[in-house]
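Structural description and commentary
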Amino acid sequence: MSLDAGFFDEMYAVADDPWSMRTRWYERRKYDLSTAVLPRRRYGDGLEVGCSVGELTARLAGRCDRLTAWDTSATAVARATARLAGHPGVRVEQASAPATPLPSVDLLVLSEVLYYLDPGDLQTLLGQVRTALRPDGTLLAVHWRHPVPEYPQTGDAVHETLRAGLPWPRVATHEEPDLLLDCWVAAPAADVRAASVAAAEQLW
Ligand SMILES: C[S@@+](CC[C@H](N)C(=O)[O-])C[C@H]1O[C@@H](n2cnc3c(N)ncnc32)[C@H](O)[C@@H]1O
């Protein structure tokens, strides 16, 4: 079963920042990696699913004209809203994937959120991703690899499903003992130029 809002509300009731995203070097470095691989300097419409307290959101805000951040937990939404108050282009909403269908966007960020979905919900979301991402849009997925007993899936299983189910070329894949990161561009799989940052700048 996918984990529901109640699971996360309980975490936010006992900790202000349950994963220490504001303070951990591990998280800061991962956010640097995440934003560094995004192939476009700027995006029109962006969406982050599962924004927690809004730390990654704040970094993504600098790359998007308009950024929507979703979280299933009302407490997380309140904390992210406060964190992002100085970013006029950012809207934080309470919404759960895949129950709320993804809107059409140029940048979709799924960071540390998909292992909370069971395989059926992940497949439903995958179907939404394929239609929601605009042509030439970017999908970034980043996940912790170590098993967590309460989570329906591991990060490795999530990325295996994404790699098998997305018909797009990858801009980047980054693998560490602790995390997997994959970044795709919504283009035909054989279109190597679409996934090349250098090609976008006419370097080849
Ligand atoms: C580990 S935090 C990830 C925060 C941020 N994306 C990052 O990478 O730093 C996961 C967040 O996802 C939210 N979440 C879990 N399942 C969700 C779902 N199905 N839809 C929307 N948000 C979800 C949780 O409430 C939690 O705040």
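Refer to the structure presented above.
The structure contained in this document is the topic of the report that follows. (Residues numbered from 1 in each chain as written. Predicted model: local features only at pLDDT ≥ 70, side-chain atom pairs only at ≥ 80, totals over all residues. Heavy atoms only, no water.)

Points about the site of the ligand
Taken together, 22 residues lie around the ligand, and Tyr12, Tyr31, Gly50, Asp71 and Ser111 are the ones closest in. Contact distances for the ligand include 2.7 Å between a nitrogen atom and a backbone N or O atom of Gly50. Here a nitrogen atom of the ligand and a backbone polar atom of Thr72 are 3.3 Å apart. Expressed as a share of its isolated accessible area of 600 Å², the protein-covered part of the ligand is 98%. Counting only elements with at least two residues in the shell around the ligand, the list comes to helix H1 (5-14) and strand S1 (43-49). Classifying every residue of the shell around the ligand by side-chain character gives 13 nonpolar, six polar and three charged. (Near = heavy atom within 4 Å. Polar contact = N/O pair within 3.5 Å; in protein donor to acceptor, adjacent residues only side chain to side chain. Areas by Shrake-Rupley, 256 points an atom, 1.4 Å probe, with all protein chains shown as cover. Helix = DSSP H or I, 4+ residues; strand = E, 2+ residues; numbered from the N terminus. Nonpolar A, V, L, I, M, F, W, Y, C, P; charged D, E, K, R; others polar.)

Some remarks on the packing of aromatic side chains
All chains considered together, the criterion is met by seven aromatic pairs. Between Phe7 and Phe8 the ring centres are 5.0 Å apart and the planes differ by 80°, which places this aromatic pair in the edge-to-face class. Look at Phe7 and you get partly exposed, because its relative accessible area is 24%. Taking the relative accessible area as the measure of exposure, Phe8 reaches 7% and is therefore buried. An aromatic cluster of at least three residues, connected via ring pairs, comprises Phe7, Phe8, Tyr115, Tyr116 and Tyr151. Across from the ring centre of Trp204, 4.6 Å away, lies the NZ or CZ of Arg193, which sits over that ring. (Phe/Tyr/Trp six-rings, centres within 6.5 Å; stacked < 30°, edge-to-face > 60°. Buried < 20%, exposed > 50% of the residue type's maximum accessible area, 1.4 Å probe, protein only. Lys NZ or Arg CZ within 6 Å of the ring centre and 35° of its normal.)

Function cannot be read off these values alone, since they describe shape.
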